[in-house]
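# Per-entry structural report
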Amino acid sequence: MSQGTTYAQGPARASIVPAWLRALDAPTVLLLGYLAFVFIGTHPLSEASVGERVEGSSVDRIVVLGLFALSLHVTWTHKREVWRRIGENIGVLAVVGFAMASIAWSDYPELTLRRSLLFFFLTYAALAIGATAPSLRRLHTILFVFLTGVMLLNLASIVIRPSVAISDIGVRGIYTQKNVAGYVAMLAAVCGGAWIIGAQSRKDRNRALLALAPTLLFLAVTRSKTSINLTVLAFAIGATLILVQRLGPRLALLAMSASIVLATVFGGLFAASGFNLSAALNATTGDATLTGRDELWAFARGRIAERPWLGYGYGAFWDVGPINDPLAKLEPGTWLADVEVGTINQAHNGYLELCLHLGVPATAFATLTILFGAVAALSAAMKRGHSLPDRSAFAAIAAILLIYLFHNLTEATLYMRGSAFWSLVSLALFAMPRPHILGAAEPYPEPQK
């Protein structure tokens, strides 16, 4: 009798568990935890001091170790798919391995050990998520919904803590600076725009357009010119893909011809200015120094020339303490020497930045891994054999990877640990099935209903 009661209560207890809670399996929990750490963080609406940046956050370490532990569990239960994704992204993992190996020649081995481990743990979590995603469309949908929520949180921060969320040069929201806020909003806009392209009903499309509105609003108030311009570029890439799909290869040839004409015109204008880069920048952007970045880039190039092959060690150039700061011993005469020590902690150019960490050859190789990924995603987005939702997901990946390469001309996120941009790029690379998209055009499996 007691056994009968026990068996009768089993299904009843299971039925009262909400459906959304039953759907939270280990890969989904890992994905949500990863996105929360990357795009919200453990200390929103706060700014770490120079000393705190050197020592790192103990809370961050606990969260990252938790994500890594969950990643180990997820990858153990999906070993076959994980090995396949490792083979498809061996170049990305080679860069991560080289960063960890740089402990051997780092000026600050302890810092390199700690920071390269953070780099590895987060990259491994991205691998685990990408390898276990049931479909690109579901991953794309979760990302769109989550980033929309992040945008609403940022807009709320303007009302709740305006003294912190609003800076003199633009709205930074929950982040440390407006440039980070700008590129997160840019990523949310690109994901949302691509998702709308893949919507298969007018109702879904209208809801997505409504959800995209707060993202575009927050992007505008950040006043991040680079992110706004790159968002326009990404939307232009998406529009071109749509037109090519509908009008065929003739439009692609027309677009290529137009690009060649524009490149010729700009080349002619550059030649007319006497190949004077400062004059050309002043004429086109109104700022020949790019907000003082020219002096910072010149400084970075000088330091790269001292160690061009291996760099100074991953994470061992900036944020190494006030006494050892690379700008601390500069002679007065430039704004770099006058700025407070520790204020600048990046080269504001991802390619120069990675050269400082790992050297010129590794930076060239790392750049090629992103470029090859963008080409693979672009080719998949053009294949008619894939479903429309999958093509829109591939288009989102292609746009994100391409604007990542452009974004690193003025900001430093290329293979940088803790950067939200790199974290999303690594997730996109691991989530994209390479041999599948370059081979037969068999539709990517949709999530089971």
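Our subject in this report is the structure included herewith. Just so you know, the residues in each chain are numbered from 1, in the order the chain's sequence is written. Selection of residues for local features in this predicted model requires a pLDDT of at least 70, selection of side-chain atom pairs for listing and counting requires 80 or more, and totals for whole chains, interfaces and linings are taken over all residues. Only hydrogens and water are set aside; all other atoms, that is, all heavy atoms of the structure, feed into the side-chain values.

Right, let's talk about the overall build of the protein chain for a bit. Looking only at helices and strands, one finds 22 helices and two strands in the protein chain. By residue count, 46% of the 449 residues in the protein chain fall in the buried class. The method behind every accessible area is Shrake-Rupley, applied with a 1.4 Å probe, and residues are considered shielded solely by the protein chains displayed. For the protein chain, the exposed surface amounts to about 22,000 Å²; the carbon and sulfur share of it is 67%. Numbering of helices and strands runs from the N terminus; a helix is a DSSP stretch of H or I covering at least four residues, while a strand is a stretch of E covering at least two. Relative accessibility under 20% of the residue-type maximum defines a buried residue, over 50% an exposed one, and the middle range a partly exposed one, all with a 1.4 Å probe and only protein chains included.

Each aromatic ring pair is summarised here by two numbers: the centre-to-centre distance and the angle between the ring planes. Classification of ring pairs uses Phe, Tyr and Trp, with its six-membered ring standing for Trp, and accepts pairs whose centres are within 6.5 Å; under 30 degrees between planes counts as stacked, over 60 as edge-to-face, and the remaining range as tilted. By the definition in use, this model includes 17 aromatic pairs. Pairing Phe 120 with Phe 121 gives two aromatic rings, centres 5.8 Å apart and planes at 55°, and the pair type is tilted. Since its relative accessible area comes to 27%, Phe 120 is described here as partly exposed. Under the relative-accessibility criterion, Phe 121 is labelled buried at 15%. Their ring planes at 50° and their centres at 6.5 Å tell us that Phe 299 and Phe 317 sit as a pair that is tilted. Placement of the pair is Phe 299 in helix H16 (residues 293-306) and Phe 317 in the loop between H16 and helix H17 (335-338), with a sequence separation of 18 residues. Across the pair, Phe 317 and Phe 299 agree in class, each one buried. Following the ring pairs from residue to residue traces out a cluster consisting of Phe 68, Phe 120, Phe 121 and Tyr 124.

Let us look at the nonpolar core. Tyr 34, Phe 39, Ile 370, Tyr 415, Phe 421 and Val 425 are the most contacted members of the largest nonpolar core, which totals 90 residues. Looking at which element gives the most residues to this core, the answer is helix H20 (residues 388-407), with 11 residues. Excluding anything up to four places from it in sequence, Val 425 contacts Ile 370, Ile 400, Leu 401 and Tyr 404. Residues Ala 300, Ile 304, Ala 347 and Leu 356 belong to the second largest nonpolar core, which totals 15 residues. In these notes, a set of buried Ala, Val, Leu, Ile, Met, Phe, Trp, Tyr and Cys residues joined through side-chain atoms within 4.5 Å is what counts as a nonpolar core. Two residues qualify as a contact provided that any one of their heavy atoms is within 4.5 Å of a heavy atom in the partner residue.

For this document, the term salt bridge refers to a Lys or Arg side-chain nitrogen within 4 Å of an Asp or Glu carboxyl oxygen. The final tally for this structure, using the stated rule, is seven salt bridges. One salt bridge in this structure joins Arg 84 and Glu 81, with 2.8 Å as the shortest N-O distance. On the criterion of helical spacing, the pair formed by Arg 84 and Glu 81 is a turn pair, its members being three residues apart in helix H6 (residues 79-88). Several salt bridges converge on common partners, so that one network encompasses Glu 81, Arg 84, Arg 85 and Glu 88.

In this section: the side chain of Asp 319. Summarising the element assignment, Asp 319 is placed in the loop between H16 and H17. A relative accessible area of 10% means that Asp 319 is categorised as buried.

Let us now look at the packing of helix H3 (residues 26-39) against helix H9 (residues 136-160). Close contact between H3 and H9 brings their axes to 11 Å; oriented N to C, the two are set at 35°. Of the two possible hands of crossing, H3 and H9 adopt the one that is right-handed. Contact residues: Thr 28, Leu 31, Leu 32, Leu 35, Ala 36 and Phe 39 in H3; Arg 138, Leu 139, Ile 142, Leu 143, Phe 146, Leu 147 and Val 150 in H9. Under the convention adopted here, Pro, Cys and the residues Ala, Val, Leu, Ile, Met, Phe, Trp and Tyr are nonpolar, Asp, Glu, Lys and Arg are charged, and Gly plus all remaining residues are polar. By residue class, the composition of the contact of H3 with H9 is 11 nonpolar, one polar and one charged. For helices, the axis comes from a line fit to the C-alpha atoms of the stretch in contact; other axes are also lines fit to C-alpha atoms, and the angle between any two N-to-C directions lies between 0 and 180 degrees. Rotating anticlockwise by less than a right angle from the far helix to the near helix defines a left-handed crossing, while the corresponding clockwise rotation defines a right-handed one.

As a packed pair, helix H8 (residues 109-132) and helix H21 (residues 420-431) sit with axes 8 Å apart at the nearest point and diverge in direction by 40°. It follows from the interaxial angle that H8 and H21 lie oblique. Our pair here, H8 against H21, has a crossing hand that is right-handed. Judged by residue contacts, Phe 119, Thr 123, Ala 126, Leu 127, Ile 129, Gly 130 and Ala 131 of H8 engage Trp 422, Ser 426, Leu 427, Phe 430 and Ala 431 from H21. Looking at the contact of H8 with H21 residue by residue, the classes come out as nine nonpolar, three polar and no charged. The cut-offs work like this: below 35 degrees is roughly parallel, past 145 is roughly antiparallel, 65 to 115 is roughly perpendicular, and the gaps in between are oblique.

This part is about the environment of Val 360. Within the fold, Val 360 resides in helix H19 (residues 360-381). For Val 360, a relative accessible area of 39% corresponds to the partly exposed category. Residues Val 360 and Trp 309 lie 51 residues apart in sequence; the distance between their C-alpha atoms is 5.8 Å. The residues contacting Val 360, other than those within four sequence positions of it, are Ile 304, Pro 308, Trp 309 and Cys 355.

Scope: geometric values only; no functional claims are made or implied.
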